[in-house]
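Residue-level listing of the chains:
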Amino acid sequence: MLTVDAARALVLETVQPGPVESRPFERARNATLRESIAAGIDSPPFDKSLMDGFAARSEDLDRGYARLRLLERVMAGMVPQREVVPGTAIQIMTGAPIPAGADVVVRVEDSALSPDGEWVELRTKPLSPGTNILRRGTSMHADDVVLTAGAVLHAPQLALLAEIGRTEVPVTRATRVAILSTGDELVPVATTPGPGQIRNSNAPMLHALVEQNAGQVVPLGIAVDRLDALTERVRAGLEADFLLLSGGVSAGELDLVPKVLRDCGVEEIFHKVQMKPGKPLWFGIRRRADREATYVFGLPGNPVSSLVGFELFVVPAMRRFQGQKVCLTPPITARLTQPHLARGDRPTYHPALLEWFPEGPGVTPAPWRGSADLRGTAGANCLIHFPAGDVDYPAGAVLPTFRFSPD
Ligand code: AMP
Ligand code: MG
């Protein structure tokens, strides 16, 4: 049976970056950039003042005191009309362009205006040229690459695009993810379950996970455990970029998903991974000559198994499809806040709460009763990775944790 690492590597080898489209940047939040972007402008576009104060010549201030004649006032958005010559200064506001001839700005706190407003007295330590001035091009020059392909467009990146006037950006088009829940026992959440039935909790969970990872959900509802019903829904799901099924991938008599997928032309990449929960996970690809492939995940039906499968396999797959650089190393190691008895012949991904303490990250395993226990999982924000084996971990033991996406 494949290890988690080997299975994740296979997912990343299989999934290819999806198609690119040009999108107005206002609608590109959480999208992934697919080409590098050059600034096209210098920023700041002119030498500008970092302070409210007086633009002056440093040589006039070398004794730390000067009485200078005021030439004009320049507010942000204005352009200076005069040149600062020896013995003169220009009153200037934060963000306004530095007048010709000036090489320092003296803070308003270090100044006193004459009653008629014609003169200013400046008292300061000697200032080196450039003090309180932000030079043109300090943060970027026109030909600098300021965003690289693979960057995800969150607030700072969108603000940068706004600054440089890039109103259209090449990004991965929406990732369409079809969600199909399978099982004769399932009823929609609004329905009161009859004898032997349970509500379909996987669909809303997967829906949230997909949207949190910048995907667009194609809901396919519930399919009963019959070949014809499943086949029809699977065919619809294969129109999307990803098809996520839950349930029906174990070894039971009615676990028809692997057969239906194969019959629908989906090539199996792997089935079963050495992990707990979520061992029966199935992954494959439907290749087509005339359009992009569809990637198919058969997630085990137990809700926490589906969640763990999504975090470990679907998240990297979606990121790869979106064109991001995907890093598979567990991002955060944390200390157990309490002792923990780990038991099992497979690596276990145990829901837990990761918190920041003065001495560093600490992680508390959720009181968790296995792969059907959503209640215990709802207090968690990460998974602790316990290697296989029966080990009594003391408080303070350091373990890798996977934050729930998006991290
Ligand atoms: P299966 O993987 O189909 O064998 O299902 C494993 C367990 O998960 C069974 O107890 C199912 O009733 C339960 N299950 C399957 N699908 C769902 C779902 N969509 N929501 C909640 N529980 C489910
Ligand atoms: Mg089932």
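A short tour of the structure in this document, coming up. Bear in mind that the values here come from a model prediction, so they are computed numbers and not experimental data. (Residues numbered from 1 in each chain as written. Chains lettered and ligands numbered in written order. Predicted model: local features only at pLDDT ≥ 70, side-chain atom pairs only at ≥ 80, totals over all residues. Heavy atoms only, no water.)

### Thoughts on helix H4 (residues 227-237)
Of all the residues in H4, the buried ones are Ala-229, Leu-230, Val-234 and Gly-237. Across the axial projection of H4, the buried residues extend over an arc of 125°, all falling on one side. The inward-facing, buried residues of H4 contact strand S13 (175-182), strand S16 (215-223), strand S17 (242-246), helix H5 (257-263) and strand S20 (294-299). (Buried < 20%, exposed > 50% of the residue type's maximum accessible area, 1.4 Å probe, protein only. Helix = DSSP H or I, 4+ residues; strand = E, 2+ residues; numbered from the N terminus. Arc of directions from axis to C-beta. Contact = heavy atoms within 4.5 Å.)

### Details of the site of ligand 1
Around ligand 1, the structure places 17 residues, and the nearest of them are Glu-185, Asn-200, Gly-248, Gly-301 and Asn-302. Taking Glu-185, its side chain carries an N or O atom lying 2.5 Å from an oxygen atom of ligand 1. With respect to ligand 1, the side chain of Asn-202 contributes an N or O atom lying 3.3 Å from a nitrogen atom. Taking 480 Å² as the accessible area of ligand 1 by itself, protein coverage stands at 78%. Considering only residue class, the shell around ligand 1 consists of 4 nonpolar, 10 polar and 3 charged. (Near = heavy atom within 4 Å. Polar contact = N/O pair within 3.5 Å; in protein donor to acceptor, adjacent residues only side chain to side chain. Areas by Shrake-Rupley, 256 points an atom, 1.4 Å probe, with all protein chains shown as cover. Nonpolar A, V, L, I, M, F, W, Y, C, P; charged D, E, K, R; others polar.)

### Observations regarding the sheet that holds strand S23 (residues 348-357)
Strands sit in the order S21-S24-S23-S25-S27 around a closed barrel of 5 strands; the barrel is mixed. Within this sheet the neighbouring strands show an average axis-to-axis angle of 50°, counted without direction. Helix H6 (residues 303-322) contacts S23, strand S25 (382-386) and strand S27 (398-403) of the sheet and is inclined by roughly 70° relative to S23. (Pairing = 2+ DSSP bridges. Axes fitted to C-alpha atoms, helices over the stretch in contact; angles between N-to-C directions.)

### Side note on the packing of helix H1 (residues 4-14) against H6
Axis separation between H1 and H6 bottoms out at 9 Å; the angle between their running directions is 25°. Classed by the angle they form, the pair H1 and H6 counts as roughly parallel. The two elements H1 and H6 cross, and the hand of that crossing is right-handed. Of H6, the residues touching H1 (which contributes Val-4, Ala-7, Arg-8, Val-11 and Leu-12) are Glu-311, Leu-312, Phe-313, Pro-316, Ala-317 and Arg-320. Taken together, the residues that form the contact of H1 with H6 break down as 8 nonpolar, no polar and 3 charged. (Parallel < 35°, antiparallel > 145°, perpendicular 65-115°, else oblique. Left-handed = near helix turned anticlockwise from the far one by under 90°.)

That's the geometry; what it means functionally is another story.
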